[in-house]
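Now for the letters of each chain:
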Protein chains: 2
Amino acid sequence: MPKVSAAHREARRSQIVEAALQCFIHKGFQRTSMADIIEASGLSAGAIYLHFASKQEIASAAAQSVVGRRVGDIRDRLTQSPLPDPGQFVQLVMTGLATEVHDSRLLVQLWAESFFDPAMSQLVDGVFQRLRAVLVDYLAGWSAAERGLDADAARAWGERAAPAMLSLLQGHILQSAILPSFDTDAYADAVRAVLP
Amino acid sequence: MPKVSAAHREARRSQIVEAALQCFIHKGFQRTSMADIIEASGLSAGAIYLHFASKQEIASAAAQSVVGRRVGDIRDRLTQSPLPDPGQFVQLVMTGLATEVHDSRLLVQLWAESFFDPAMSQLVDGVFQRLRAVLVDYLAGWSAAERGLDADAARAWGERAAPAMLSLLQGHILQSAILPSFDTDAYADAVRAVLP
DNA sequence: GTCTATAGCCGGATAGAC
DNA sequence: GTCTATCCGGCTATAGAC
């Protein structure tokens, strides 16, 4: 059993991952070289390969740290009543999932990577599954409270509308990443315009 | 003035672009090497560099051919009355913009590339601008016809809701690219559930 | 455990024969 | 105009000193 190792190893790993994330933000996943990560981390090549077997493993760990960071928080925030309206809901989830523009850009890159990297693909699928479940619950609860549907009808409507609601979240990610003039409040308002 | 060149040159260029697109679909933008494009095109390295100055230029031309292919069609389809409902609208635009799953995957890659490649960025911005204008027009026309709003109110609502409608299109692209079980009709139904 | 130096490879782009 | 052969640079990962 190692002495300081357990905690120190983890600290070192996250130091590397954090440095990698900075590089990925500024240069993109593929364009980032190991030399970039080495320089940003302040460590040496040998030290890094002691903790990660390959660049791809670093990228995978970095991706997990982005999506896994606060994915548990989302559900917690939604157990509070009264339920937020859909506009607030989007802002709430986005605050928990991708506060910064940088995070949004990383997520879009992650989507693209997932087509060709099985590890990334698995990660993305998992998030989509969990997110979808949360959306159905929220939509069912909201439509029951707001529109007075009975439980079955509310759930059915939630299932039906979930893909569209998912898009409203994904669109927020994409638009905030791409459009320089993106405005969170205006976006929440747009959501309210379609889901009144 | 060249004799056969004008037409033949263009044919050769599109032959290269088409080969590149196949590679990008199967391996991704970055992972595709010039050797891949050379092999897929059936030409040689020298022949290709006679038509394109760099790999990036090929990628740029390929991206343009994906988004520019039928972008003009969209507007035409929307001048027909009666206006489709939002569910049909999404299907209509998607049919014009990205019929195949492959096209969707290329678009997602394009979004990610646009963060780091100015040429791609310009292309994406342009599409978003044009698309947004089309959306405002459609939403204004639809809400006027369906909900009996006067022209000013309809336009105001269209402007307000446009970002959300844009998300419904972007979400279609993303989900069809990522989710193996994606169902276009179910998606159109989800759109109708939120925009009745 | 950590660094430096480097092996080995593969990438994009070009030169020159035909 | 087109192909073959090749250059050079940068990449990832490792070997070996400390």
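Please refer to the structure higher up on the page.
Residues numbered from 1 in each chain as written. Chains lettered and ligands numbered in written order. Predicted model: local features only at pLDDT ≥ 70, side-chain atom pairs only at ≥ 80, totals over all residues. Heavy atoms only, no water.

**Q** Which residues make up the relation of the copies chain A and chain B, and what values do they have?
**A** By a simple turn and slide, chain A fits onto chain B: the slide is 0.0 Å along the axis, the RMSD is 0.0 Å, and the turn is 180°. Read as a symmetry element, the transformation amounts to a two-fold axis. Within chain A, Ser-167 of chain A has its C-alpha nearest the rotation axis, a separation of 2.9 Å. (Least-squares fit on C-alpha atoms with pLDDT ≥ 70 in both.)

**Q** Tell me about the interface of chain A and chain B, and name the residues and values.
**A** Counting from both sides, the interface comprises 44 residues of chain A and, opposite them, 44 residues of chain B. Regarding the contact of chain A and chain B, the summed buried area is about 3700 Å², with carbon and sulfur atoms giving 68% of it. For the chain A face of the interface with chain B, the top three residues by lost area are Arg-31, Phe-115 and Phe-116 of chain A, together amounting to 19%. At the junction of chain A with chain B, the criterion picks out four salt bridges. With a shortest N-O distance of 3.1 Å, Glu-113 of chain B and Arg-31 of chain A are connected by a salt bridge. At the junction of chain A and chain B, the tally comes to 14 residue pairs in polar contact (both at pLDDT 80 or more). Only helix H1 (5-27), helix H7 (101-114), helix H8 (118-147), helix H9 (151-178) and helix H10 (184-194) of chain A provide two or more residues apiece to the side of chain A that touches chain B. Partitioning the side of chain A that touches chain B into residue classes produces 25 nonpolar, ten polar and nine charged. (Contact = heavy atoms within 4.5 Å. Buried area = accessible area lost by both parts, 1.4 Å probe. Salt bridge = Lys/Arg side-chain N within 4 Å of Asp/Glu carboxyl O. Polar contact = N/O pair within 3.5 Å; in protein donor to acceptor, adjacent residues only side chain to side chain. Helix = DSSP H or I, 4+ residues; strand = E, 2+ residues; numbered from the N terminus. Nonpolar A, V, L, I, M, F, W, Y, C, P; charged D, E, K, R; others polar.)

**Q** Break down the packing of aromatic side chains for me, with residues and values.
**A** Enumeration according to the criterion identifies ten aromatic pairs over all chains in this entry. An angle of 90° between the planes, with centres 6.1 Å apart, marks the rings of Phe-115 of chain A and Phe-116 of chain A as edge-to-face. Neither residue differs from the other here; Phe-115 of chain A and Phe-116 of chain A are each classed as buried. One Lys or Arg, Arg-147 of chain B, reaches over the ring of Trp-157 of chain B and ends 4.9 Å from the middle of that ring. (Phe/Tyr/Trp six-rings, centres within 6.5 Å; stacked < 30°, edge-to-face > 60°. Buried < 20%, exposed > 50% of the residue type's maximum accessible area, 1.4 Å probe, protein only. Lys NZ or Arg CZ within 6 Å of the ring centre and 35° of its normal.)

**Q** Requested: an account of helix H6 (residues 86-97) of chain B, with residues and values cited.
**A** All names here are of chain B. For H6, built from twelve residues, the straight-helix expectation of 16 Å at 1.5 Å per residue is met to within 8% by its first-to-last C-alpha distance of 16 Å. Considered for burial, the residues of H6 that qualify are Pro-86, Gly-87, Phe-89, Val-90, Val-93, Met-94, Gly-96 and Leu-97. A distance of 2.7 Å separates the backbone nitrogen of Gly-87 from a side-chain oxygen at the start of H6, and that oxygen is part of Asp-85. (Expected span 1.5 Å × (residues − 1).)

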